[in-house]
Amino acid sequence: MRLLSTSCGCDRGAVRGRRHTSRMMHLLFLLLAVALACHGCPDKCSCDSQTVKCLNQDLDEIPQSLPANTTVLFVTGNNISRISVDSFPTRLEQLTDLYLSGNELEYVDAMVFDNLPNLVRLDLSSNNIQNFNEEAFPRDYPLQILNLSRSFLNHSLVDMVLSVLQKGNLLQLKVLDLSNNDLVILPDDVLAGLPSLLTLSLQNSSIISIENGTLRVPPLRDLDLRDNGLKNLPPVTMADFSLKPALRIRLAGNPWRCDCFIEDMLPWLKNSTQIVDVQNLTCSEPEGLWRQPLAQVERSQLKCSSDMKGVLETSYVFLGLVLALIGVIFLLVLYLNRKGIKRWMYNIRDACRDHMEGYHYRYEINSDPRLANLSINSDV
């Protein structure tokens, strides 16, 4: 019995030893993981799980020592004027969200995103981009959300970023924010390279016209055109909208001109279910319809005929003024040359008188036979 008890005690001690060793190993691994995590977090940044935040730290470049397991990276409110292939020297396979807003960013170089193969969301808003290389994104890049709001302060630079969108490297892009940029006019093929685009924001982008067929290619579901310079929608654009029954459009804040050009738009607005803010659309001119909701405007209120009459009256007045000016100039020329004209008229009168006297003299000779014979003999 004592031998059995001794052997049982030895087994219990071995089990306790193994448990203690396992706990020590687990604690050691935990401390090692914490140490590695602390070592991997860049200076002036904070790391929480797989999210790294480097906010308002006056950084002039992207931090280099980023943890390999980073999935979300915030580098906002700094002074990073350029991002290039050297900005991400280490391949970050797990990075899906990158926020670079408010950095006074001016240059986006080629191949800058090559080491971020799984990036889904990219925020470049509130920057001052001067050059955006067409090769910045690799071919068939998985990016799905791109924010370029307030990124281009000069209208002459807009074509540059539009060429990036037309390149065809963002075939999976679903959400594009181009709001608060000076776009003015969208080229007719700007969205041809974005076949998966579902949401497009063009709010407050100074757009005065949409070219024919611009919105025909992507399968849009949400289009924001608020606070632009649109005065009417041409029939071709309304037809493109009608081809996408699931499309929802926002048009409030535009200076709609309630005249003949909006005549075809009124019934479309009243019958379409695509305009989600139709009740907020109001006339900006003429003065008689100012701030009146478009949904309540009738065709009889457009006064198209009177508008054309006014245009014709203005043309007639202008023509009358031109003719009057020509008449005044003609009279002035006559007055300045009155003596020469009078002399010319006297000469014409004398010439006509001499001519008529010659005819009269011949008539008298032909009518008197004696004078006729005398004339014949004198000729002989």
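Draft legend 1. Highlighting the overall build of the chain. On a plain count of helices and strands, the chain comes out with seven helices and 17 strands. Every one of the 380 residues in the chain was classed for burial, and the buried ones make up 34%. Considering only contacts within the chain whose residues lie at least 6 apart along the sequence, 62% involve residues at least 24 apart.

Draft legend 2. View of the packing of aromatic side chains. Considering all chains together, one arrives at six aromatic pairs under this definition. Ring pairing ties together the aromatic residues Phe113, Phe132, Phe137 and Tyr141, which thus form one cluster. Lying across the ring of Phe74, Lys53 places its NZ or CZ 5.8 Å from the centre. In this structure, Arg82 packs its charged tip against the face of Tyr107, placed 4.4 Å from the ring centre.

Draft legend 3. Here's a closer look at the sheet that holds strand β8 (residues 131-132). Ordered in space as β4-β6-β8, the three strands form an open sheet in which the pairing is parallel. Two strands in the sheet have a free side with no partner beyond their single neighbour: β4 (82-83) and β8. Note: strand β6 (residues 107-108) against β8, two bridges, orientation parallel. Within β8, the residue paired with Tyr107 across the bridge is Asn131.

Draft legend 4. Broad picture of helix α3 (residues 235-242). Burial in α3 covers these residues: Thr237, Met238, Asp240 and Phe241. Within α3, the buried residues cover an arc of 155° as seen down the axis, which keeps them to one side. Buried residues along α3 sit against β13 (209-210), β14 (222-224), β15 (248-250) and α4 (265-271).

Draft legend 5. Quick peek at the state of the cysteines. Per the stated rule, a full pass over the model turns up three disulfides. Covalently, Cys41 is tied to Cys47 through a disulfide, its sulfur atoms 2.1 Å apart. The S-S bond linking Cys41 to Cys47 shows a torsion near 95°; that makes this disulfide right-handed. Classification of Cys47 as partly exposed rests on a relative accessible area of 32%.

Draft legend 6. Highlighting the pattern of salt bridges. Scanning all chains against the criterion turns up 10 salt bridges. Here Arg257 and Asp259 are joined by a salt bridge, their closest N and O atoms 2.8 Å apart. Among the ionic contacts, a cluster of salt bridges with common partners joins Lys231, Arg257, Asp259 and Glu285.

Draft legend 7. How the structure looks around the confidence of the model for the chain. For the chain, the average pLDDT comes to 83, and 81% of its residues sit at 70 or higher. Scored below 50 in pLDDT, residues 29-39 makes zero contacts in the model with residues more than four places away or belonging to other chains.

Draft legend 8. Quick look at helix α2 (residues 158-166). Counting buried positions along α2 gives seven out of nine residues, so the element sits mostly inside the fold. Of the residues making up α2, those classed as buried are Val158, Met160, Val161, Leu162, Ser163, Val164 and Leu165. Elements that come into contact with the buried residues of α2 comprise β8, β9 (145-147) and β10 (175-177). Among the residues trailing α2, Gly168 stands out with phi positive, at a value near 95°.

Draft legend 9. Quick look at the sheet that holds β9. The strand order across the open sheet formed by 10 strands is β1-β2-β3-β5-β7-β9-β10-β12-β14-β15, and the pairing between neighbours is mixed. Looking at which strands have only one partner, the edges of the open sheet turn out to be β1 (46-48) and β15. In this sheet, adjacent strand axes meet at a mean angle of 5° when their direction is disregarded. One ladder, built from three bridges, connects strand β5 (residues 97-99) with strand β7 (residues 121-123); its direction is parallel. Bridge pairing in β7 links Leu98 to Leu122.

Draft legend 10. Summary view of unusual backbone geometry. Of note, the bond from Glu285 into Pro286 is cis; its omega dihedral lies within 30 degrees of zero at 0°. Here Lys44, not a glycine, exhibits a phi torsion of approximately 65°, which is positive. Mapping Lys44 onto the fold places it in the loop between α1 (2-40) and β1. Positive phi, close to 55°, is recorded for Asp58, a residue that is not glycine. Relative to the assigned elements, Asp58 resides in the loop between β2 (51-55) and β3 (72-76). Using a relative accessible area of 59% as the deciding quantity, one classes Asp58 as exposed.

So, how was this worked out
Residues numbered from 1 in each chain as written. Predicted model: local features only at pLDDT ≥ 70, side-chain atom pairs only at ≥ 80, totals over all residues. Heavy atoms only, no water. Helix = DSSP H or I, 4+ residues; strand = E, 2+ residues; numbered from the N terminus. Buried < 20%, exposed > 50% of the residue type's maximum accessible area, 1.4 Å probe, protein only. Contact = heavy atoms within 4.5 Å. Phe/Tyr/Trp six-rings, centres within 6.5 Å; stacked < 30°, edge-to-face > 60°. Lys NZ or Arg CZ within 6 Å of the ring centre and 35° of its normal. Pairing = 2+ DSSP bridges. Arc of directions from axis to C-beta. Disulfide = S-S within 2.5 Å. Salt bridge = Lys/Arg side-chain N within 4 Å of Asp/Glu carboxyl O. pLDDT = per-residue confidence, 0-100. Axes fitted to C-alpha atoms, helices over the stretch in contact; angles between N-to-C directions.

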